[in-house]
Amino acid sequence: MNTPDLFAHERIGQRESLGPQSLVLRGFALPHAEALLPAIAALEAAAPFRHMVTPGGFTMSVALTNCGRLGWTTDRRGYRYSTFDPDSGRPWPAMPGVFAALAREAAAAAGFDDFQPDACLVNRYVPGAKMSLHQDRNERDLAAPVVSVSLGMTATFLFGGHARTDKAERIPLYHGDVVVWGGVDRLRFHGVLPLKDDPHPELGRQRINFTFRQAG
Ligand code: MD6
Ligand code: FE
């Protein structure tokens with residue numbers, strides 16, 4: 001069932017607090033969406049989406065790729081940032097100007113000035129794909145925020161506390177929403193529930209999520 005998103009117009013422009021230094025900027029990426037989609041196609045041609053293996057030996061249900069100087073990777077040896085795509089041996093594709101500008105504007109709108117991302121992890125979810133609760137702690141400078149952009153199908157984001165077992169809030173993330181978090185919230189556990197099969201009018205049966213960080 002493709003449920004029409006009747007309330008999109010009322011949400012756009014809203015700011016919803018998730019914590020003292022984290023918030024959702026509803027629809028913030030919509031003005032950039034037209035430019036983002038061709039950039040994803042170009043990125044995918046240079047560094048295809050792939051399913052990586054976690055240190056515990058599980059193949060991730062989310063397919064991922066990267067752009068920017070540093071790319072996030074995982075394999076049996078651990079999680080790390082790397083300047084090279086392990087599949088091709090080449091540097092990750094450059095971060096498109098539209099990506100970096102959007103990330104910088106969103107960070108500034110959330111009160112984090114001078115955000116200079118050097119890493120953009122791009123996740124692709126299809127129905128059933130999920131992201132287990134985790135912390136983002138592989139970045140060198142945890143003072144910088146993370147900026148996360150959602151496109152395509154709606155996902156339910158889990159936003160917990162500083163312990164894995166803390167109760168997590170459930171937040172729907174819609175096409176065009178941007179989440180910014182940093183400061184005291186930077187290490188909170190978070191994840192994504194299995195994606196429901198509710199195709200998006202433009203992107204079809206997928207959700208694309210970009211997370212921008214200062215990793216190096
Ligand atoms: C996702 N996002 O939304 C997964 N991490 O698909 C993340 O894991 C994430 O959205 C750090 C900051 C923002 C995020
Ligand atoms: Fe994360």
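Figured I'd write up the structure that's included with this text. (Residues numbered from 1 in each chain as written. Chains lettered and ligands numbered in written order. Predicted model: local features only at pLDDT ≥ 70, side-chain atom pairs only at ≥ 80, totals over all residues. Heavy atoms only, no water.)

Points about the sheet that holds strand β7 (residues 131-134)
Picture the strands of a sheet paired through backbone hydrogen bonds; they go either parallel or antiparallel. In spatial order, the strands read β7-β12-β9-β10; together these four strands make up an open sheet with antiparallel pairing. Looking at strand neighbours, the two that pair on one side only are β7 and β10 (169-173), the edges of this open sheet. Direction aside, the axes of adjacent strands within the sheet are offset by 20° on average. Where β7 lies against strand β12 (residues 190-192), two bridges are found, and the strand directions are antiparallel. Bridge assignment links His134 to a residue of β12, and that residue is His190. (Pairing = 2+ DSSP bridges. Helix = DSSP H or I, 4+ residues; strand = E, 2+ residues; numbered from the N terminus. Axes fitted to C-alpha atoms, helices over the stretch in contact; angles between N-to-C directions.)

Notes on the site of ligand 1
Taken together, Tyr125, His134, Asp136, Val146, Ser148, Phe157, Trp181, His190, Val192, Arg207, Asn209 and Thr211 are the residues near ligand 1. In this structure, Asp136 approaches ligand 1 through a side-chain N or O atom, which is 2.9 Å from a nitrogen atom. One of the side-chain N or O atoms of Asn209 is found 3.2 Å from an oxygen atom in ligand 1. Its free accessible area being 340 Å², ligand 1 has 99% of it covered by the protein chains. Taken atom by atom, the bulk of ligand 1 overlaps the largest pocket. Contributing elements (two or more residues each) for the shell around ligand 1: β8 (146-152), β12 and β13 (207-213). In terms of residues, the shell around ligand 1 owes the most to one element, β13, which gives three residues. For the shell around ligand 1, the class distribution of residues is five nonpolar, five polar and two charged. (Near = heavy atom within 4 Å. Polar contact = N/O pair within 3.5 Å; in protein donor to acceptor, adjacent residues only side chain to side chain. Areas by Shrake-Rupley, 256 points an atom, 1.4 Å probe, with all protein chains shown as cover. 1 Å grid on protein atoms, 1.4 Å probe; cavity = no way out; pocket = protein on both sides within 12 Å on 5 of 7 lines; lining within 4 Å. Sits in = over half its atoms within 2 Å of the grid points. Nonpolar A, V, L, I, M, F, W, Y, C, P; charged D, E, K, R; others polar.)

A word on the packing of aromatic side chains
Scanning all chains against the criterion turns up seven aromatic pairs. Relative to Tyr79, the ring of Trp72 lies with its centre 5.5 Å away and its plane at 25°, an arrangement referred to as stacked. The partly exposed category is assigned to Tyr79, whose relative accessible area is 43%. Aromatic side chains Phe157 and Trp181 sit 5.7 Å apart centroid to centroid with 35° between the ring planes, which places their arrangement in the tilted category. Taken together, the residues span a long stretch of sequence, with Phe157 in strand β9 (residues 155-159) and Trp181 in strand β11 (residues 178-181) at a distance of 24 residues. Accessibility assignment for this pair places Phe157 and Trp181 in one class, buried. By way of ring pairs, the aromatic residues Phe99, Phe210 and Phe212 are connected into one cluster. In this arrangement the basic side chain of Arg207 is found over the ring face of Tyr125, its NZ or CZ atom lying 4.9 Å from the centre. (Phe/Tyr/Trp six-rings, centres within 6.5 Å; stacked < 30°, edge-to-face > 60°. Buried < 20%, exposed > 50% of the residue type's maximum accessible area, 1.4 Å probe, protein only. Lys NZ or Arg CZ within 6 Å of the ring centre and 35° of its normal.)

Let's talk about the environment of Gly78
Mapped onto the elements, Gly78 comes out in strand β5 (residues 78-82). By relative accessible area, which is 11% here, Gly78 ends up buried. Sequence spacing of Gly78 and Phe157 is 79 residues, and the spatial spacing of their C-alpha atoms is 24 Å. With near-sequence residues (within four places) excluded, Gly78 lies in contact with Pro55 and Thr73. (Contact = heavy atoms within 4.5 Å.)

Quick notes on the layout of surface pockets
The calculated volume of the largest pocket comes to roughly 780 Å³. Forming the boundary of the largest pocket are 35 residues, of which Met60, Trp72, Met131, Ser132 and His134 lie nearest the centre. For the lining of the largest pocket, the secondary structure elements donating two or more residues are β6 (119-125), β7, β8, β12 and β13. For the lining of the largest pocket, the residue count by class is 16 nonpolar, 12 polar and seven charged. (Points joined across faces, edges and corners; volume = space filled by probe spheres on them.)

Describing helix α3 (residues 97-109)
Residue pairs three or four apart in sequence face the same way in an α-helix, which turns once every 3.6 residues. In this model α3 runs 18 Å from its N-terminal to its C-terminal C-alpha over 13 residues, within 8% of the 18 Å that 1.5 Å per residue would give. All buried positions along α3 are accounted for by Phe99, Leu102, Ala103, Ala106 and Ala107. Burial along α3 is one-sided: seen end-on, the buried residues are contained in an arc of 130°. Residue Gly111 follows α3 closely and has a positive phi angle near 95°. (Expected span 1.5 Å × (residues − 1). Arc of directions from axis to C-beta.)

Brief notes about the coordination of the iron ion (ligand 2)
At the metal site, the iron ion (ligand 2) is ligated by His134 (NE2), Asp136 (OD) and His190 (NE2), and these contacts range over 2.1 to 2.2 Å. Written as a sequence motif, the donor residues of the iron ion (ligand 2) are H-x1-D-x53-H. Placement of Asp136 in the loop between β7 and β8 and of His190 in strand β12 is noted, with a sequence separation of 54 residues between them. A single burial state applies to Asp136 and to His190, both of which are buried. (Donors = N, O, S within 2.8 Å, 3.2 Å for Na, K, Ca; no water.)

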